[in-house]
Amino acid sequence: MKIWNFIQENYYMVVYAMTLFVSLATYRKYYDTALKYFPMIITYTLLNEVLGYLVRTYDEITFFNELKFSNYNDVIYNIYAIIFFCFFYHVYRKLITNIKYKKWIFYGTFLMLASYIISTLFQNPLDTNLYYALAIGSYILVFCIILYFKDKREKDFNVVQPHNLMFWVSVSLLTFYSIFPIIYIIGYTDYQTWVSFGLRAVLRALIVIMYLLLIVGFLKGRRLAFN
């Protein structure tokens, strides 16, 4: 019963696990591409969410000695976001051929890292999510995706490629990260609006959509259709 209740409350984690399974089952399609470490990122995402749940739910599992901080798990999400963004910035920088775009992504990476460093001057990363830095990192990722599609157009490639895994990865990330920062900032700065409009459910629905799109990409992707 406890397991079933956990699944009902955290159904999006099941989608993480499904995506991980499919990513490993289809790994031969992209094992030597820019996404070769993607299953590790999905694994990290799943384990990070499970750890976050345990810290949030059980007082005996904590990162801090003080009881009032026992359920604080924001620090692991701050670290996760930096690693996640750096991974995908690197992927897009590797796939894009336009030198100018590559430089923009390089500068964007430093801007994201600088935003996290600056945020620590005003927010404690151990007990709160650095949501403004997260928003900056998210929209830099959106910018990277736009540059990727623009780069493909400039090479006269069809942007919509159903058998290209990167197409589905890009669409899934664009769908989520173009909306996610707005919802997240509302959750931290205007909790009443967060509750009134059921934004937690909206956020989780976006997570499910993003990972279902990834599953479609893993299944439809072809070995020779990656760029």
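Details of the structure are given in the entry above.
For clarity, every value in this text was computed on a predicted model and none was experimentally measured. (Residues numbered from 1 in each chain as written. Predicted model: local features only at pLDDT ≥ 70, side-chain atom pairs only at ≥ 80, totals over all residues. Heavy atoms only, no water.)

Visitor: I would appreciate a short explanation of the overall build of the protein in the present structure.
Guide: Of the regular secondary structure elements, the protein holds 10 helices and 0 strands. The order of helices and strands in the protein, counted from the N terminus, is α-α-α-α-α-α-α-α-α-α. A burial count over the protein gives 48% of its 227 residues as buried. With an accessible surface of roughly 12200 Å², the protein has 68% of that area assigned to carbon and sulfur atoms. In the protein, 20 positive and 12 negative side-chain charges are present, and the distance between their average locations comes to 15 Å. (Helix = DSSP H or I, 4+ residues; strand = E, 2+ residues; numbered from the N terminus. Buried < 20%, exposed > 50% of the residue type's maximum accessible area, 1.4 Å probe, protein only. Areas by Shrake-Rupley, 256 points an atom, 1.4 Å probe, with all protein chains shown as cover. Lys, Arg positive; Asp, Glu negative; His and termini not counted. Charge placed at Lys NZ, Arg CZ, Asp CG, Glu CD.)

Visitor: Whenever I open this one, helix α2 (residues 11-25) confuses me. Can you help?
Guide: It helps to recall that an α-helix has 3.6 residues per turn; residues three or four apart then point in one direction. The terminal C-alpha atoms of α2, which comprises 15 residues, lie 21 Å apart, in line with the 21 Å expected from a rise of 1.5 Å per residue. Within the sequence span of α2, burial applies to Tyr 12, Met 13, Val 15, Tyr 16, Thr 19, Leu 20, Val 22 and Ser 23. (Expected span 1.5 Å × (residues − 1).)

Visitor: In this structure, what is going on with the layout of surface pockets? I would like to understand it.
Guide: Empty space among the atoms becomes visible once a probe the size of a water molecule is rolled across them. Space inside the largest pocket adds up to approximately 840 Å³. Forming the walls of the largest pocket are 30 residues, and the residues nearest its centre are Glu 49, Tyr 77, Tyr 184, Tyr 188 and Leu 203. At the level of secondary structure, the elements contributing two or more residues to the lining of the largest pocket comprise α2, α3 (38-57), α4 (74-95), α7 (165-177), α8 (180-189), α9 (191-196) and α10 (199-220). When residues of the lining of the largest pocket are assigned to their parent elements, the largest contribution, 7 residues, is made by α4. For the lining of the largest pocket, the class distribution of residues is 20 nonpolar, 5 polar and 5 charged. (1 Å grid on protein atoms, 1.4 Å probe; cavity = no way out; pocket = protein on both sides within 12 Å on 5 of 7 lines; lining within 4 Å. Points joined across faces, edges and corners; volume = space filled by probe spheres on them. Nonpolar A, V, L, I, M, F, W, Y, C, P; charged D, E, K, R; others polar.)

Visitor: Is there a simple way to explain the packing of α3 against α4 in this structure?
Guide: Angle between the axes and distance between the axes are the two parameters that describe a pair of packed helices. Running from N to C, α3 and α4 point in directions that differ by 170°, and their axes come no closer than 11 Å. Between α3 and α4, the interaxial angle falls into the category roughly antiparallel. Within the contact between the two elements, α3 uses Phe 38, Ile 41, Tyr 44, Thr 45, Asn 48, Glu 49, Leu 51, Gly 52 and Arg 56 and α4 uses Ile 76, Tyr 77, Ile 79, Tyr 80, Ile 83, Phe 84, Phe 87 and Phe 88. Tallied by class, residues from the contact of α3 with α4 come to 12 nonpolar, 3 polar and 2 charged. (Axes fitted to C-alpha atoms, helices over the stretch in contact; angles between N-to-C directions. Parallel < 35°, antiparallel > 145°, perpendicular 65-115°, else oblique. Contact = heavy atoms within 4.5 Å.)

Visitor: What is the right way to look at the pattern of salt bridges in this model?
Guide: As a working rule, side chains carrying opposite charge can pair if their charged atoms are close by. Throughout the structure, instances matching the rule amount to 2 salt bridges. Between Lys 150 and Glu 154 there is a salt bridge, with its nearest N and O atoms 2.9 Å apart. Taken as a pair, Lys 150 and Glu 154 lie in helix α6 (residues 131-154) at a separation of 4 residues, close to a single helical turn. Assessed through its relative accessible area of 40%, Lys 150 is described here as partly exposed. With a shortest N-O distance of 3.6 Å, Lys 155 and Asp 151 are connected by a salt bridge. Relative accessible area serves as the criterion here: at 31%, Lys 155 is assigned to the partly exposed category. Residue Asp 151 is classed as buried on the basis of its relative accessible area of 3%. (Salt bridge = Lys/Arg side-chain N within 4 Å of Asp/Glu carboxyl O.)

Visitor: Looking at this structure, how should I read the environment of Phe 110?
Guide: Take Phe 110: it is sitting in helix α5 (residues 99-119). Through-space distance from the C-alpha of Phe 110 to that of Cys 86 is 9.7 Å; in sequence the pair is 24 residues apart.

Visitor: Is there a simple way to explain the packing of aromatic side chains in this structure?
Guide: How two aromatic rings sit relative to each other is set out by the distance from centre to centre and by the angle between their planes. In this structure the tally under the stated criterion is 30 aromatic pairs. Their ring planes at 50° and their centres at 5.5 Å tell us that Tyr 148 and Phe 149 sit as a pair that is tilted. Neither Tyr 148 nor Phe 149 differs from the other in exposure class; each is buried. Both rings, one in Phe 180 and one in Tyr 184, keep their centres 5.0 Å apart while their planes meet at 40°; by these two values the pair is tilted. Of the two residues, Phe 180 and Tyr 184 are both situated in helix α8; the distance of 4 residues between them amounts to about one turn of the helix. (Phe/Tyr/Trp six-rings, centres within 6.5 Å; stacked < 30°, edge-to-face > 60°.)

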